[in-house]
Protein chains: 2
Amino acid sequence: MRWSSADIDALDAHFRKNLINSCTGFKPANLIGTQNAEGLTNLAIFSSVVHLGSDPALIGMFTRPVQVERHTYENILRTGKYTINQVSEVMVERAHHSSARFGKAQSEFDLCGFEAQFIENFGAPFVAESALKIGCELVSNIEISANGTRLLVGKVVMLEVADTFVASDGFIDLAAMNTMAISGLDGYNPVKSGVRFEYAKPDKPTTKL
Amino acid sequence: MRWSSADIDALDAHFRKNLINSCTGFKPANLIGTQNAEGLTNLAIFSSVVHLGSDPALIGMFTRPVQVERHTYENILRTGKYTINQVSEVMVERAHHSSARFGKAQSEFDLCGFEAQFIENFGAPFVAESALKIGCELVSNIEISANGTRLLVGKVVMLEVADTFVASDGFIDLAAMNTMAISGLDGYNPVKSGVRFEYAKPDKPTTKL
């Protein structure tokens, strides 16, 4: 099937949403933990977390201020702090439920069945169950003028990974911790163990690490 | 293992690169096709492609102008056109090889063993072998001031997916087409078929679609 720009504009909105959300490939599955000025915790699943750089350690995250993630966005603007927590296979039903439009006075931690964990008074709650937890401080809030989306740039100020999953060179075995991949708006896929390749060189065939 | 901000700054650079590149979760595997003003084709693997919105259909991609992707970046700035091509399991060794620092006069299509496909005079080459191909036009080039990275925002102006992988509601079955997920800098993982869940509601448990 082939769609032109005009074809895409003319598509049924629901079909287009599924199609365009799927076409970029697999996405990471993360729960974003925040709290408001009164300390009420909030948790929401995001598939838009991206690596931006390792020195300094920066992570990006896209959000649309007017959508369901608005509590997350408001809390991050207010406190400057948020957590990124890996979603494993056993967490996936509960993690998806966090995308429901719960009221502002409700905490998705309680309603979806996750334990809020506070580490070293960080200022945002972590998901106790996640084998990989990141504490971020907001650095920039960049508007994507083409559609009003926001790119939140965060600095990694705390990182916790269960020891057994970290290789001697720093690589984290996401498959071994049963981290899920997201496809489209509503698909969740388990991932098999993979291969690592050596740094590529023009005159050398690809070699396993 | 737990690292503070100071611990992260003090890490060995190679260890930190692997650790921070892994911690955000699985990433999509895509080959970016471009050509220069003289029509010489270029191909490079990227793990930084992100969905930005479906109406209009917008896709983002992060690049660091000074790094190995410079030919891709220069070509996109010059022509305003690029293609995003899904990487399946049988393509993965060749796709990784495209990250080597080939010379400007060399085409990764030839050197890595991919066929360049021109569709409707699009202005950038597609990868014939990919079951999912996207043609993009550059809309914005946004600097992430925190580290000098660039977010290229592109409008989807052509999309081609092998029929058998598109569900009646527009969802693309990435696992069925053996699309790979990337972990860290150099890990490639096959993905299992997954589940889809219904739109989440506060008072309803998560239900399979």
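A. Geometry of the nonpolar core. In terms of nonpolar packing, the biggest core is built from 68 residues, with Leu159 of chain A together with Leu159 of chain B touching the most fellow members. Once residues lying within four places of it in the same chain are set aside, the contact partners of leucine 159 of chain B are Met1, Arg2, Trp3, Ile8, Leu19, Ile20 and Cys23 of chain A together with Leu132, Lys133 and Ile134 of chain B.

B. Broad picture of the pairing of strand β3 (residues 30-35) of chain A. Residue and element names in this part refer to chain A. Extensive coverage of β3 is indicated by the burial of 6 of its 6 residues. Burial along β3 is two-sided: Asn30, Ile32 and Thr34 and Leu31, Gly33 and Gln35, pointing in opposite directions, are all buried. With 6 bridges connecting them, β3 and strand β4 (residues 41-46) associate as antiparallel partners. The residue of β4 that forms the bridge with isoleucine 32 is alanine 44. Between β3 and β4, which follow one another and run antiparallel, lie 5 residues, and glycine 39 among them has a positive phi close to 90 degrees. Two strands pair when backbone bridges link them, and β3 and strand β7 (residues 81-86) are joined in this way by 4 bridges, in the antiparallel orientation. Bridging across to β7, glycine 33 finds its partner in threonine 83.

C. Main features of the interface of chain A and chain B. Counting residues at the interface gives 100 residues for chain A and 100 residues for chain B. For the pair chain A and chain B, the summed buried surface comes to about 8,700 Å²; carbon and sulfur atoms form 62% of the total. The interface formed by chain A and chain B includes 8 salt bridges. Put simply, glutamate 160 of chain B and arginine 2 of chain A hold a salt bridge, and the shortest N to O gap is 2.7 Å. Run the count over chain A and chain B and you get 54 residue pairs in polar contact (both at pLDDT 80 or more). The biggest single contributor to the side of chain A that touches chain B is strand β11 (residues 149-161) of chain A, with 10 residues. Across the side of chain A that touches chain B, the residue classes break down as 52 nonpolar, 27 polar and 21 charged.

D. View of the relation of the copies chain A and chain B. You can overlay chain A on chain B at an RMSD of 0.0 Å; the transform is a turn of 180 degrees with a shift of 0.0 Å along its axis. What the superposition gives is, in effect, a two-fold axis relating one chain to the other. Ranked by how close their C-alpha atoms come to the rotation axis, the residues of chain A are headed by valine 191 of chain A, at 2.2 Å. Looking at chain A, 100% of its interface residues are interface residues in chain B too, so the copies touch through the same face.

E. Main features of helix α2 (residues 13-22) of chain A. In terms of burial, α2 of chain A is a largely internal element, 7 of the 10 residues being buried. Every buried residue of α2 of chain A is listed here: Phe15, Arg16, Asn18, Leu19, Ile20, Asn21 and Ser22 of chain A.

F. Representation of the sheet that holds strand β13 (residues 187-190) of chain A in the model. Here we have 4 strands laid out as an open sheet, ordered β2(A)-β12(A)-β13(A)-β14(B), and antiparallel in their pairing. The open sheet has two edge strands, β2 (27-28) of chain A together with β14 (195-196) of chain B, and neither has a second partner. When β13 of chain A meets β14 of chain B, the two strands line up antiparallel, connected through 2 bridges. Note on β14 of chain B: the bridge partner recorded for tyrosine 188 of chain A is valine 195 of chain B.

G. Expanded view of the pairing of strand β5 (residues 49-54) of chain B. Residues and elements named next belong to chain B. Burial analysis of β5 places 6 of its 6 residues in the buried class, the great majority of the element. Examined bridge by bridge, β5 and strand β6 (residues 57-63) share 5 bridges and lie antiparallel to one another. Directly across from glycine 53, in β6, lies its bridge partner leucine 58. Hairpin connection, β5 to β6: the antiparallel pair is bridged by 2 residues.

H. Quick peek at unusual backbone geometry. Residue and element names in this part refer to chain A. With an omega dihedral of 5 degrees, the bond running from aspartate 55 to proline 56 counts as a cis peptide bond. Even without a glycine there, the phi angle at asparagine 178 is positive, about 55 degrees. Turning to its location among the elements, asparagine 178 is positioned in the loop between β11 and β12 (180-183).

I. Here's a closer look at the packing of aromatic side chains. Summed over the entire model, instances satisfying the criterion amount to 7 aromatic pairs over all chains. Taking 6.3 Å as the distance between ring centres and 55 degrees as the angle between the ring planes, the aromatic pair formed by tryptophan 3 of chain B and phenylalanine 15 of chain B counts as tilted. Note that tryptophan 3 of chain B is positioned in strand β1 (residues 2-4) and phenylalanine 15 of chain B in helix α2 (residues 13-22), a separation of 12 residues in sequence. If you follow lysine 81 of chain A out to its NZ or CZ, it ends over the ring of phenylalanine 122 of chain A, 5.7 Å from the centre. Directly above the ring of phenylalanine 171 of chain A sits arginine 196 of chain A, whose terminal nitrogen or CZ lies 4.0 Å from the centroid.

Conventions and cut-offs
- Residues numbered from 1 in each chain as written.
- Chains lettered and ligands numbered in written order.
- Predicted model: local features only at pLDDT ≥ 70, side-chain atom pairs only at ≥ 80, totals over all residues.
- Heavy atoms only, no water.
- Core = buried A, V, L, I, M, F, W, Y, C linked by side-chain atoms within 4.5 Å.
- Buried < 20%, exposed > 50% of the residue type's maximum accessible area, 1.4 Å probe, protein only.
- Contact = heavy atoms within 4.5 Å.
- Helix = DSSP H or I, 4+ residues; strand = E, 2+ residues; numbered from the N terminus.
- Pairing = 2+ DSSP bridges.
- Buried area = accessible area lost by both parts, 1.4 Å probe.
- Salt bridge = Lys/Arg side-chain N within 4 Å of Asp/Glu carboxyl O.
- Polar contact = N/O pair within 3.5 Å; in protein donor to acceptor, adjacent residues only side chain to side chain.
- Nonpolar A, V, L, I, M, F, W, Y, C, P; charged D, E, K, R; others polar.
- Least-squares fit on C-alpha atoms with pLDDT ≥ 70 in both.
- Phe/Tyr/Trp six-rings, centres within 6.5 Å; stacked < 30°, edge-to-face > 60°.
- Lys NZ or Arg CZ within 6 Å of the ring centre and 35° of its normal.

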